[in-house]
Amino acid sequence: MHATEYRYAQPVRFTTHRLMLRPRDSHDLRLLDATLGVTPPDAAVRWAHDVFGNSVCYLDWGDARGDRLRIVSELDLEHFPAIAALPREAIDPVAESYPFSYAAEEFPDLSRLLERHHADPDRLVDRWARRFVRHGETTRTMDLLSAMTQAIKDEFRYQARDAEGTNPPVRTLELGSGACRDFALLMMEAVRSLGFAARFVSGYLYDEALVDSAAPMVGGGYTHAWCAVYLPGAGWVEFDPTNGLVAGRNLIRVCAARTPEQAVPVAGGFIGRPGDFLGLEVNVAVTVGRPAAIGAR
């Protein structure tokens, strides 16, 4: 369950809201049921796929007004972490060691995901990323990416942040701390500096109290963010630098995009006086049921 509630001092008009709350079925994720509750209830609802193929819902209230906006998304789904797990042999032999080149037929589709998106005038991100490359000896691709994921978890301090936006990677390095979306973007820009294609992933983290995990995880109770790196043969492999997780275990993917700004779960505004906005509350609850057999799909 994902509930978002906005409160206002007096009735205001709502602009069109854009929701990214519904995941797509895949080999590792089956959506059994999805319900969407909205207050005020008289919104026109329209669904579409964005440029990345994510499912997007648009809500339009017209001239209706209200002093509260509540959006509740409830999902019933099955996740298959054993399928999401990445055996080393899944990676194409040409990409097992770093550096490697993407195939000519894949490069045009990956080009924008290979580009750096944030300024790094003093090459701080470059230097930080290069520390994971073994100079003078073979660098295993997965060892590099796994070490970077773990280093962010071990060396940076997690701080939940309600403010909008994502800190630029240089800022995250300077602070030594950040929210999950900051860590995801740092890793994306770091691997892009090394020639990997990367994208931003938004979704949910399993309830830490109900998951067999050796260490507590952070980011539960909110929407969560991580990144995915494209590896030939294996495809898009997910890395959660906030928790040091590799290959999608404990992660429920809702959408993936080139930048964090393209993967906002709930986006919209209101028309009223500057002081009308009173507050925002977001609650996310993930309940883990009995594991389903993989063969039962």
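Located above this text is the structure these notes cover.
Residues numbered from 1 in each chain as written. Predicted model: local features only at pLDDT ≥ 70, side-chain atom pairs only at ≥ 80, totals over all residues. Heavy atoms only, no water.

Chemist: Explain the layout of surface pockets to me, please; I cannot follow it from the model alone.
Modeler: The gaps left among the atoms become clear once a water-sized probe is rolled over them. In this structure, the largest pocket spans a volume of roughly 1,100 Å³. Lining the largest pocket are 37 residues, and of these Asp-162, Ala-163, Glu-164, Val-264 and Leu-280 sit closest to its centre. In terms of residue class, the lining of the largest pocket is built from 20 nonpolar, eleven polar and six charged. (1 Å grid on protein atoms, 1.4 Å probe; cavity = no way out; pocket = protein on both sides within 12 Å on 5 of 7 lines; lining within 4 Å. Points joined across faces, edges and corners; volume = space filled by probe spheres on them. Nonpolar A, V, L, I, M, F, W, Y, C, P; charged D, E, K, R; others polar.)

Chemist: I'm lost on empty space enclosed by the protein in this one. Help?
Modeler: Considering all chains together, one arrives at two cavities of 30 Å³ or more under this definition. In this structure, the second largest cavity spans a volume of roughly 30 Å³. Grouping the constituent residues of the lining of the second largest cavity by class yields four nonpolar, one polar and three charged.

Chemist: Any chance you could explain the pattern of salt bridges here in plain terms?
Modeler: Opposite charge on two side chains makes pairing possible when the charged atoms of those side chains draw close. Under the defined criterion, the tally for this structure stands at 18 salt bridges. In this structure, Asp-63 and Arg-13 form a salt bridge, with 3.4 Å as the shortest nitrogen-oxygen distance. Placement of the pair is Asp-63 in the loop between strand E5 (55-60) and strand E6 (65-79) and Arg-13 in strand E1 (residues 2-14), with a sequence separation of 50 residues. We classify Asp-63 as exposed; its relative accessible area is 62%. Residue classification places Arg-13 among the partly exposed positions, given a relative accessible area of 28%. Between Asp-120 and Arg-116 there is a salt bridge; the shortest N-O distance is 3.1 Å. A relative accessible area of 13% places Asp-120 in the buried class. (Salt bridge = Lys/Arg side-chain N within 4 Å of Asp/Glu carboxyl O. Helix = DSSP H or I, 4+ residues; strand = E, 2+ residues; numbered from the N terminus. Buried < 20%, exposed > 50% of the residue type's maximum accessible area, 1.4 Å probe, protein only.)

Chemist: Would you take a moment to explain the sheet that holds strand E4 (residues 44-49) for this structure?
Modeler: Backbone-to-backbone hydrogen bonds join strands into a sheet, with any given pair of strands oriented parallel or antiparallel. In space, the four strands of this open sheet follow the order E4-E5-E2-E16, with antiparallel pairing throughout. The sheet terminates laterally at E4 and strand E16 (266-267), the two strands that pair on one side only. Alignment of E4 against E5, held across six bridges, turns out to be antiparallel. Bridge pairing in E5 places Arg-46 opposite Tyr-58. (Pairing = 2+ DSSP bridges.)

Chemist: Any chance you could explain helix H2 (residues 107-114) here in plain terms?
Modeler: Count 3.6 residues to each turn of an α-helix, and residues three or four apart come out pointing the same way. For H2, every residue scored as buried is listed here: Leu-110, Leu-113 and Leu-114. Within H2, the buried residues cover an arc of 100 degrees as seen down the axis, which keeps them to one side. In this structure, the buried residues of H2 make contact with helix H6 (180-193), strand E11 (198-205), strand E12 (223-231) and strand E13 (235-240). (Arc of directions from axis to C-beta. Contact = heavy atoms within 4.5 Å.)

Chemist: Honestly, unusual backbone geometry in this entry has me stumped. Any pointers?
Modeler: Leaving glycine out, the prevailing phi sign among residues is negative, and the prevailing peptide bond configuration is trans. Residues Thr-39 and Pro-40 are joined by a peptide bond in cis, for which omega reads 5 degrees. Here Pro-40 lies in the loop between strand E3 (29-39) and E4. Each neighbour pair has its own omega, and for Tyr-98 with Pro-99 the value is 5 degrees, a cis peptide bond. Here Pro-99 shows up in the loop between strand E7 (97-98) and H2. Phi angles above zero are rare outside glycine, and Arg-123 is one such case at about 60 degrees. On the basis of relative accessibility, which here comes to 53%, the residue Arg-123 falls in the exposed class.

Chemist: Please explain the pairing of E13 as it appears in this structure.
Modeler: Remark: a regular strand shows side chains that alternate across the two faces of the sheet. Counting buried positions over the six residues of E13 gives five, a clear majority of the element. Here five bridges tie E12 to E13, and the two strands are oriented antiparallel to one another. The residue bridging Ala-228 from the neighbouring strand is Glu-238, located in E13. Examined bridge by bridge, E13 and strand E14 (residues 245-246) share two bridges and lie antiparallel to one another. Considered in E14, the bridge of Phe-239 is made with Val-246. The turn linking E13 back onto E14 is made up of four residues, and Gly-244 within it adopts a positive phi angle of 70 degrees.

Chemist: Just checking my understanding: could you explain the side chain of Asn-167 for this structure?
Modeler: Secondary-structure assignment places Asn-167 in the loop between strand E9 (157-158) and helix H5 (169-175). Discounting chain neighbours no more than four positions away, the residues touching Asn-167 are Arg-161, Thr-172, Leu-175, Asp-182 and Leu-185.

Chemist: Hey, could you run me through the packing of helix H4 (residues 141-155) against H6 in this one?
Modeler: Two measures define how a pair of helices packs: the angle their axes make with one another and the distance between the axes. The geometry of H4 relative to H6 is characterised by a closest axis approach of 11 Å and an angle of 145 degrees between their N-to-C directions. Between H4 and H6 lies a crossing whose hand is right-handed. Contact with H4, carried on its side by Leu-145, Met-148, Thr-149 and Ile-152, involves Phe-183, Leu-186, Met-187, Ala-190 and Val-191 of H6 and no other residues of that element. Residues that form the contact of H4 with H6 fall into these classes: eight nonpolar, one polar and no charged. (Axes fitted to C-alpha atoms, helices over the stretch in contact; angles between N-to-C directions. Left-handed = near helix turned anticlockwise from the far one by under 90°.)

Chemist: Honestly, the environment of Gly-37 in this entry has me stumped. Any pointers?
Modeler: Take Gly-37: it is sitting in strand E3. A residue is classified by how much of its surface remains accessible, and Gly-37, at 31% relative accessible area, is partly exposed. For the pair formed by Gly-37 and Arg-70, sequence separation is 33 residues and the distance between their alpha carbons is 7.9 Å. Setting aside residues up to four positions removed in sequence, Gly-37 forms contacts with Arg-70, Ile-71 and Val-72.

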